[in-house]
Number of protein chains: 4
Amino acid sequence: MLEALKEEVCEGNLALPRNGLVAWTGGNLSARDKETGYIVIKPSGRLYEDMKPEDMVVVDLSGKIIEGDLGPSSDTASHLEVYKAREDINSIVHTHSRYATAFAAVGKEIPCCLTAIADEFGGPVPCAPYASIGGKEIGEAILSTIGHSPAVLLKQHGVFTIGPTINKALQAAVMVEDIAHTVAVAMSLGEVISLPEDEIAANYDRYTNRYGTVNASQGVSNV
Amino acid sequence: MLEALKEEVCEGNLALPRNGLVAWTGGNLSARDKETGYIVIKPSGRLYEDMKPEDMVVVDLSGKIIEGDLGPSSDTASHLEVYKAREDINSIVHTHSRYATAFAAVGKEIPCCLTAIADEFGGPVPCAPYASIGGKEIGEAILSTIGHSPAVLLKQHGVFTIGPTINKALQAAVMVEDIAHTVAVAMSLGEVISLPEDEIAANYDRYTNRYGTVNASQGVSNV
Amino acid sequence: MLEALKEEVCEGNLALPRNGLVAWTGGNLSARDKETGYIVIKPSGRLYEDMKPEDMVVVDLSGKIIEGDLGPSSDTASHLEVYKAREDINSIVHTHSRYATAFAAVGKEIPCCLTAIADEFGGPVPCAPYASIGGKEIGEAILSTIGHSPAVLLKQHGVFTIGPTINKALQAAVMVEDIAHTVAVAMSLGEVISLPEDEIAANYDRYTNRYGTVNASQGVSNV
Amino acid sequence: MLEALKEEVCEGNLALPRNGLVAWTGGNLSARDKETGYIVIKPSGRLYEDMKPEDMVVVDLSGKIIEGDLGPSSDTASHLEVYKAREDINSIVHTHSRYATAFAAVGKEIPCCLTAIADEFGGPVPCAPYASIGGKEIGEAILSTIGHSPAVLLKQHGVFTIGPTINKALQAAVMVEDIAHTVAVAMSLGEVISLPEDEIAANYDRYTNRYGTVNASQGVSNV
């Protein structure tokens, strides 16, 4: 069942090592099938190099396995909490990508000091309090902290990103590591200050509402 | 139209991820067609792995789209300001490459503390003041700051590089990240000091006027 | 002899450069054949790109070469000491991977400040005192320090990891570098603090006893 | 002429980008033909991806071009000074590899704080004083500083490595960057101290005289 989505979820998971976001079997990506409401997620403890679409696990929102020969990711319960609470979210990515997780390790948000951060996250990337793995706690910590950002750090743990599509959740996972690396280096070079609120808002609006969507006939002056 | 240049511009854009300078859809490269005066530029919000020559967008200097099914890069207005003001520039690269952007994040120039920086940039890589994205401001900030350097940082934003050819603009984008990485590490190891002015001038002159251009018959003693 | 194991050991050694853990001829992986008790190990001073299964060297626990055209790794004596003392260990990896070795260079353990460290190592990654290369000293330093961790740092030298299988020893080598990188960056960003003991124990138990082993029929609620 | 050596020198130069030691056209490797005394060296300003054996340039020790359609590397004069003074050296590598050059930028040697540094360099990697590019000065700075180390840093410039063979000069170039990265990180984590002199000597002796050269029939106890 859900063969097309399994293929997309497998492909999305394989994008994690290709973008340098995960080590060994770490990290996972899931997506929601809008028709059935089922979630397709990476299996637990499988090496990326051996992963195939048929290894993906289908679960319902209560966590019951609908289809799959392997166990679902050990982070499945956290994903489900988020899907249950936010109908606008159709894909979730979890990684321990190194620079973003370094901010999480010390429980600090990533300050909105660059236009790229304003564009993508609309403010600082927030850091949720520590929560135990395996139950509802992580989902709750994500939901109470993430706001309108597509990414949230989880203290002493790692990163969760969300999106209306697999592509958007992946983009947030790639971008949060990219800007975390830049900001970590910047902090060693001098004082990092936030952009003014109005500049953050202007960048976020331009990027969210108009970037990549311009109709060619309108020309650049409208971009 | 401009099929050969579209191919070169596409190839130049693909060199950005290959050299580790961009993440996701970030960054862009454009070039000027000398005959028509038109600019060929990367489309907005397109993943590099899917990019083809026919996706490139042709605009005139006023920003009017001459040809292209996709919208042009959201940084097109900034590119155009630079092309309008500087006829010697035929290609522009914009990235958020991590180490160079870390210097930009804290608004600091990259000091000319290495022969490679003197060779390539003829002095420190300057940092322009913050400017809003989308209009003429970034172009003006670049022009008032860049001087004879082929690269300029833009405060709390990223890097722009320029050149008389696509190859030269790309070279500056690769080299500014390379030396930014080296200098950021050096600053953690000790005090970084600038080369003396006469050494900077001698290196810049040798590299700019004679490097790679020696006629084999002259021999090494003339290099 | 032991053709299948030689192939696995060769493949395991080739995973070291593929995971960015070694430079030039550095690093080595060995495994024990349970039936004969012999150890199969990487040859000394061989470039990874030229390495083939038939280059692997077979030694007995006293260090006598049973089969092999090349000399065994110069770290063979250290491997043998560990195999002699710990029958549960069937594979050993040694690297100078950069971030883990940076902690070793200053003789510091990697603090257990992230869930991933609790999962994989069940506490901080300990650092053994300096020991001379070539004899029994390194094996002794490893054994007296490693405890239940699958990885140990060796002061001013590098990293040793162990496992019941090649895969597990490799996993520890990959993960120790991953978390060392993250923690080194975290330390530049703020104060790194350890997880509480009960959280470390809960994570370690979940990861060690249940991760990747869930029977699909049980569903997520049991994970 | 010297077709076999040109192929080896080309292959050696291509190992530089493959090992992450150079950017754009930076860096160069040369080798001496023992019979004729001629030096084969990388051409000036050529992109690595386009480089072929027939592009290599043959010069004599006075710098006269014996064969080659392109100009020789702009660092040729520095290479020649070293070849003239040291008959034991048959290959030289020059790079601006990032972490080693960061030490050079601040004019500091890389302390011998790890067994891998003792093995490969027999002590700290020394840093020669600044010297102007293009004439004899760099060769002189290298010769007066390098001692028995196969690598030397050049203040505010980069790295030179030497060897009796192309392979050995390359190995030193790879290893100096590897240990520079490790030590730079270590310095951010705590106090880096040198190994005792007798440990340095013991490691250097073992590695130089016995590593990778053991006859299999001797067994491990002699390693």
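These remarks concern the structure in this document. (Residues numbered from 1 in each chain as written. Chains lettered and ligands numbered in written order. Predicted model: local features only at pLDDT ≥ 70, side-chain atom pairs only at ≥ 80, totals over all residues. Heavy atoms only, no water.)

Moving on: the sheet that holds strand β6 (residues 127–128) of chain B. All names here are of chain B. Spatially, β4-β3-β2-β1-β5-β8-β7-β6 is the arrangement adopted by the eight strands of the open sheet, whose pairing is mixed. The outermost strands of the open sheet, each flanked by one partner alone, are β4 (65–67) and β6. With three bridges connecting them, strand β1 (residues 28–32) and strand β2 (residues 39–41) associate as antiparallel partners. Bridged to arginine 32 within β2 is isoleucine 39. Against the sheet, helix α1 (residues 3–18) touches β1, β2, β3 (57–59), β4 and β5 (91–95), its axis set at about 150° to β1. (Pairing = 2+ DSSP bridges. Helix = DSSP H or I, 4+ residues; strand = E, 2+ residues; numbered from the N terminus. Contact = heavy atoms within 4.5 Å. Axes fitted to C-alpha atoms, helices over the stretch in contact; angles between N-to-C directions.)

Our focus in this paragraph is the interface of chain B and chain A. Reports of interface size often rely on the accessible area that becomes lost once the parts have come together. Between chain B and chain A, the residue contacts involve 35 residues of the former and 34 residues of the latter. The junction of chain B with chain A conceals about 3,000 Å² of combined surface from both sides, 61% of it contributed by carbon and sulfur atoms. When the buried surface of chain B facing chain A is broken down by residue, B:Trp24, B:Arg98 and B:Gln156 rank first, second and third, together holding 26% of it. Where chain B packs against chain A, one counts 11 residue pairs in polar contact (both at pLDDT 80 or more). Among the secondary structure elements, those contributing two or more residues to the side of chain B that touches chain A are α2 (76–85), α3 (98–105) and α6 (166–189) of chain B. When residues in the side of chain B that touches chain A are grouped by element, the largest group, six residues, is from α3(B). Its residues assigned to classes, the side of chain B that touches chain A comprises 17 nonpolar, 14 polar and four charged. (Buried area = accessible area lost by both parts, 1.4 Å probe. Polar contact = N/O pair within 3.5 Å; in protein donor to acceptor, adjacent residues only side chain to side chain. Nonpolar A, V, L, I, M, F, W, Y, C, P; charged D, E, K, R; others polar.)

The subject of this paragraph is the pairing of strand β1 (residues 28–32) of chain A. All names here are of chain A. With respect to burial, β1 is a largely interior element, five of its five residues being buried. The alternating pattern of β1 places Asn28, Ser30 and Arg32 on one face and Leu29 and Ala31 on the opposite face, and all of these are buried. As paired strands, β1 and strand β5 (residues 91–95) are joined by four bridges and run antiparallel to one another. Pairing of asparagine 28 across the sheet is with histidine 94, part of β5. Joining the antiparallel neighbours β1 and strand β2 (residues 39–41) is a turn of six residues, in which glycine 37 adopts a positive phi near 80°. (Buried < 20%, exposed > 50% of the residue type's maximum accessible area, 1.4 Å probe, protein only.)

Let us look at the relation of the copies chain D and chain B. Note on the copies: chain D fits chain B at an RMSD of 0.0 Å, the axial shift is 0.0 Å, and the rotation between them is 90°. When the rotation and shift are considered jointly, the pair of chain copies conforms to a four-fold rotation axis. Rotation axis and chain D: the residue whose C-alpha lies nearest the axis is D:Ser188, separated from it by 5.3 Å. Of the residues that chain D buries at the interface, just 3% are likewise interface residues in chain B, meaning the two copies contact each other through different surfaces. (Least-squares fit on C-alpha atoms with pLDDT ≥ 70 in both.)

Residue and element names in this part refer to chain C. Despite not being glycine, tryptophan 24 has its phi angle at roughly 55°, a positive value. Relative to the elements of secondary structure, tryptophan 24 occurs in the loop between α1 (3–18) and β1 (28–32). Exposure remark for tryptophan 24: the relative accessible area of 14% places this residue in the buried category. In this structure, glutamine 156 takes a positive phi of about 55° despite not being glycine. Structurally, glutamine 156 can be placed in the loop between β7 (151–154) and β8 (158–163).

With an RMSD of 0.0 Å, the operation that places chain B on chain A is a rotation of 90° combined with a shift of 0.0 Å along the axis. Little of the interface of chain B is mirrored in chain A, where only 3% of its interface residues are also at the interface.

At the junction of the two partners, chain D supplies 35 residues and chain B supplies 34 residues. If you sort the residues of chain D by the area they bury against chain B, D:Trp24, D:Arg98 and D:Gln156 come out on top, with a joint share of 26%. On inspection of chain D and its partner chain B, the count reaches one salt bridge. With a closest N to O distance of 2.7 Å, D:Arg98 and B:Asp178 form a salt bridge. Remark: the boundary between chain D and chain B carries 11 residue pairs in polar contact (both at pLDDT 80 or more). For the side of chain D that touches chain B, the elements supplying multiple residues, two or more each, are α2 (76–85), α3 (98–105) and α6 (166–189) of chain D. A per-element tally of the side of chain D that touches chain B places α3(D) first, with six residues. Each residue belonging to the side of chain D that touches chain B can be placed in one class, and the counts come to 17 nonpolar, 14 polar and four charged. (Salt bridge = Lys/Arg side-chain N within 4 Å of Asp/Glu carboxyl O.)

Looking now at the environment of B:Asp55. Residues and elements named next belong to chain B. Along the chain, aspartate 55 turns up in the loop between β2 and β3. Along the chain, aspartate 55 and lysine 42 lie 13 residues apart, while their C-alpha atoms are 7.5 Å from each other. Not counting residues within four places of it along the chain, the set of residues in contact with aspartate 55 comprises Pro43, Arg46, Asp50 and Leu70.

All names here are of chain A. In the contact formed by helix α3 (residues 98–105) and helix α6 (residues 166–189), the axes pass within 7 Å of each other and the chain directions differ by 65°. In this structure, the crossing between α3 and α6 has a hand that is left-handed. Together, Arg98, Tyr99, Ala100 and Phe103 of α3 and Val176, Glu177, Ala180, His181, Val183, Ala184 and Met187 of α6 make up the contact between the two elements. Within the contact of α3 with α6, the residues separate by chemical class into eight nonpolar, one polar and two charged. (Left-handed = near helix turned anticlockwise from the far one by under 90°.)

This part is about the arrangement of the chains. Structurally, chain B and chain C remain out of contact, their C-alpha atoms never closer than 11 Å. The closest approach of any C-alpha atom in chain A to one in chain D is 11 Å; the two make no contact.

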